[in-house]
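Residue strings, one per chain:
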Amino acid sequence: KKLGIALVGLGSYAGGQLAPALQETKNCYLAGIVTGTPAKEKIWADKYNIPQKNIYNYQDFDSIADNPDIDIVYVVLPVFLHKEYTIRAAKAGKHVICEKPMALSVAECDEMISACKQANRLLSIGYRLHFEPFNKEMMRLGQQKVYGPVTAIHSSNGFVYGGTDNSAWRLKKKLAGGGPLMDMGVYVVQGARYVTGEEPLWVKARQEKTRPEFFTEVEETVYWQMAFPGGCIANCKTSYNENASILHADAPKGWFEISPAYGYGGLAGKTSQGPMPFPHITQQAAQMDAFATAVRTSTPSIVPGEEGRKDMKVIEAIYRSLDSGQQEKV
Ligand code: NAD
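Bear in mind the structure is a predicted one, so any value in this text is a computation, not a measurement.

K.L.:
Is there a simple way to think about the sheet that holds strand 8 (residues 202-208) in this case?
P.N.:
Consider a sheet: its strands pair through backbone hydrogen bonds, and that pairing is either parallel or antiparallel. A sheet is described by the order of its strands in space; here nine strands give the open sequence 14-13-12-11-7-10-9-8-15, paired in mixed fashion. Of all strands in the sheet, those with a lone pairing partner are strand 14 (274-275) and strand 15 (328-329), marking the two edges. Where strand 12 (residues 254-258) meets strand 13 (residues 269-271), three bridges bridge the pair, whose relative direction is antiparallel. The residue of strand 13 that forms the bridge with Glu257 is Lys270. Along the sheet, helix 5 (residues 133-143) makes contact with strand 11 (241-251), strand 12 and strand 13, crossing strand 12 at roughly 155 degrees. Strand contacts of helix 9 (residues 305-324): strand 8, strand 9 (221-227) and strand 15, with the helix running at about 60 degrees to strand 8, the strand carrying the most contacts.

K.L.:
Would you mind going over the site of the ligand with me for this structure?
P.N.:
Near the ligand you find 18 residues, and of these Gly9, Gly11, Ser12, Tyr13 and Glu99 are the closest. Of the residues assigned to the shell around the ligand, the class counts are nine nonpolar, five polar and four charged.

K.L.:
Would you explain the pairing of strand 1 (residues 3-8) in this entry?
P.N.:
Residues in a regular strand project their side chains so that they alternate between the two faces of the sheet. In terms of burial, strand 1 is a largely internal element, six of the six residues being buried. Both strand 1 and strand 2 (residues 28-34) contribute to a ladder of six bridges, which runs parallel. Bridge assignment links Ala6 to a residue of strand 2, and that residue is Gly32. In this fold, strand 1 hands off to helix 1 (residues 12-21), which returns the chain to strand 2; that crossover is right-handed.

K.L.:
Would you explain the sheet that holds strand 2 in this entry?
P.N.:
Strand order in the open sheet formed by six strands is 3-2-1-4-5-6, with parallel pairing between adjacent strands. Both outer strands of the open sheet, strand 3 (55-56) and strand 6 (123-125), are each paired with one neighbouring strand and no more. Pairing analysis gives three bridges linking strand 5 (residues 95-98) to strand 6, with the strands arranged parallel. Considered in strand 6, the bridge of Cys98 is made with Ile125. Where helix 8 (residues 283-297) meets the sheet, its contacts fall on strand 1, strand 2, strand 4 (72-75), strand 5 and strand 6, and the angle it forms with strand 1 comes to roughly 125 degrees.

K.L.:
I keep staring at the UniProt feature "domain: Gfo/Idh/MocA-like oxidoreductase N-terminal" (unreviewed entry) in the chain and nothing clicks. Help me out?
P.N.:
Under the UniProt annotation, "domain: Gfo/Idh/MocA-like oxidoreductase N-terminal" (unreviewed entry) lies at residues 4-127. Note that residues 4-127 is 35% helix and 20% strand, and that its end C-alpha atoms are spaced 20 Å apart.

K.L.:
So what exactly am I meant to see when it comes to the domain arrangement of the chain here?
P.N.:
It is common to give the size of an interface as the accessible area that goes away when the parts come together. For the chain, the domain assignment lists domain 1 (3-125) and domain 2 (129-279 + 311-329). Spacing between the C-alpha centres of domain 1 and domain 2 amounts to 27 Å. Facing 12 residues of domain 1, the contacting portion of domain 2 comprises 13 residues. Residues that form the side of domain 1 that touches domain 2 fall into these classes: nine nonpolar, two polar and one charged.

K.L.:
Explanation requested: the environment of Lys42 in the structure shown.
P.N.:
Tracing the backbone shows Lys42 in helix 2 (residues 38-48). Once the C-alpha coordinates of Lys42 and Gln52 are considered, the two residues, 10 residues apart in sequence, prove to be 9.0 Å apart.

K.L.:
How do you make sense of helix 3 (residues 82-91) when you look at a structure like this?
P.N.:
Given 3.6 residues to a turn, an α-helix orients residues that are three or four positions apart in the same direction. Within helix 3, seven of the 10 residues are buried, which leaves the element mostly enclosed by the surrounding structure. Those residues of helix 3 that sit buried are His82, Lys83, Tyr85, Thr86, Arg88, Ala89 and Ala90. Residues of helix 3 that are buried make contact with strand 1, strand 4, strand 5, helix 4 (106-118) and strand 6. Gly93 occupies a position one or two residues after helix 3 and carries a positive phi of about 85 degrees.

K.L.:
Help me out: how do you make sense of the confidence of the model for the chain in this one?
P.N.:
Low-pLDDT stretches of the model should not have their predicted coordinates read in fine detail. The share of residues in the chain with pLDDT of 70 or more is 100%, and the mean pLDDT across the chain is 98. Among the prediction metrics, the complex's ipTM stands at 0.99, with pTM recorded as 0.98.

K.L.:
When you look at helix 1 in this model, what are you seeing that I'm missing?
P.N.:
Looking at helix 1, one finds that the buried residues are Ala14, Leu18, Ala19 and Ala21. The arc enclosing the buried residues of helix 1, seen along the axis, measures out at 150 degrees, which places them on a common side. Summarising the geometry of helix 1, the exposed residues directed more than 90 degrees from the buried face are Ser12 and Gly16.

K.L.:
I tried to follow the UniProt feature "domain: GFO/IDH/MocA-like oxidoreductase" (unreviewed entry) in the chain on my own but got confused; where do I start?
P.N.:
Following the UniProt record, the feature "domain: GFO/IDH/MocA-like oxidoreductase" (unreviewed entry) maps to residues 139-243 here. Split by type, residues 139-243 is 25% helix and 31% strand. Its first and last C-alpha atoms lie 24 Å apart.

K.L.:
Teacher, can you tell me more about unusual backbone geometry here?
P.N.:
When glycine is set aside, most residues are seen to have a negative phi, and most peptide bonds are trans. Residue Pro101 is reached from Lys100 by a cis peptide bond, and omega for that bond is -20 degrees. Here Pro101 lies in the loop between strand 5 and helix 4. Residue Pro260 is reached from Ser259 by a cis peptide bond, and omega for that bond is -5 degrees. Of note, Pro260 is situated in the loop between strand 12 and strand 13.

K.L.:
Help me understand the nonpolar core, please; the structure alone is not making it clear to me.
P.N.:
One recurring pattern in soluble globular proteins is that nonpolar side chains are buried together. Residues Ile5, Ala6, Leu7, Val8, Tyr74 and Val75 are the most contacted members of the largest nonpolar core, which totals 97 residues. Two domains each put at least three residues into this core: domain 1 (3-125) and domain 2 (129-279 + 311-329). When sequence neighbours within four positions are dropped, the list of residues in contact with Val75 reads Val8, Gly9, His82, Tyr85, Thr86, Ala89, Val96, Cys98 and Glu99.

Calculation notes
Residues numbered from 1 in each chain as written. Predicted model: local features only at pLDDT ≥ 70, side-chain atom pairs only at ≥ 80, totals over all residues. Pairing = 2+ DSSP bridges. Helix = DSSP H or I, 4+ residues; strand = E, 2+ residues; numbered from the N terminus. Contact = placed C-beta atoms within 7 Å. Axes fitted to C-alpha atoms, helices over the stretch in contact; angles between N-to-C directions. Near = placed C-beta within 6 Å. Nonpolar A, V, L, I, M, F, W, Y, C, P; charged D, E, K, R; others polar. Buried ≥ 20, exposed ≤ 12 C-beta atoms within 10 Å, placed from the backbone. Right-handed = clockwise from strand over helix to strand, strands pointing away. UniProt positions renumbered as here; feature names shortened; annotations may be inferred. Domains from an automatic or database assignment. pLDDT = per-residue confidence, 0-100. Arc of directions from axis to C-beta. Core = buried A, V, L, I, M, F, W, Y, C linked by C-beta atoms within 7 Å.

Structure follows, in structure tokens:
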């Protein structure tokens, strides 16, 4: 039997990526939804054939505990709600996937990890790129030192945040935890960590603002360096003022790079020896199928809460460095 997933928060990622991907999954399916918008209930129910008994709102959500159709709750809410809904889902006896960035702080990550442990449920983070062939090849080339130990990385991830309306949750410090660093920079932290297979020792960061009247609460562009124990230095950038998506690594015997690196599709890669020949896959389907297998076999997620916590630790150090202007230990 396929495991049942309930999506919590029917915004652009749930509607545009996760629900379509759940039409391709082999080990799990879209069994339920949790929404605060009554109008979405009927639209989703009709489109995805979801029975009324599997539709919840934020008030009656906890009664999902009594619903055997739902095995996994997938939290796709703004960041400030990740902790609350992950913990409520675990307490309802459900396994949890929580979107990135995992939470507002390392302290919140700790609460989420321990709640899931206490409930004896698995916790996974929505790190789709761990299941994507080009990114997996970057992990292999880096971690297995195919061209020798990686000495330098450069990576950037961002998009141009257009318009004049800055009321969205992504631009509110309390709701998003920060700006592009939380939203897009987390992929760059991930990329450097999974190419080296190491945790950074220290970071040093600076920021730039061209539209201070728009980015009133959060950063617009951040540049940072990360130093890894094996000697690699990563030069990183994230921005709401530049369309960018690249992950490049240099080693003594060659280089390897993917660009675009972090999107849902159209990724491409090459090494100093030639192009990387990988197929396009639906990353979210692979990610959710892998988690369903983990649940079924009681094995840890490939991208557990601990992985999300490691990134938050680095991100907190980057914010400390932006404040202090100094190198900060991770
Ligand atoms: P969104 O704004 O499109 O959707 C958020 C949803 O949460 C909306 O349906 C909104 O109605 C609902 N919501 C419930 N309570 C809310 C409240 N108090 N304030 C605001 N919204 C509330 O956002 P999104 O782009 O779908 O992002 C949702 C999550 O998914 C975020 O954590 C984001 O980082 C993550 N995400 C991940 C990826 C990825 O590639 N893994 C891509 C996009 C977004």
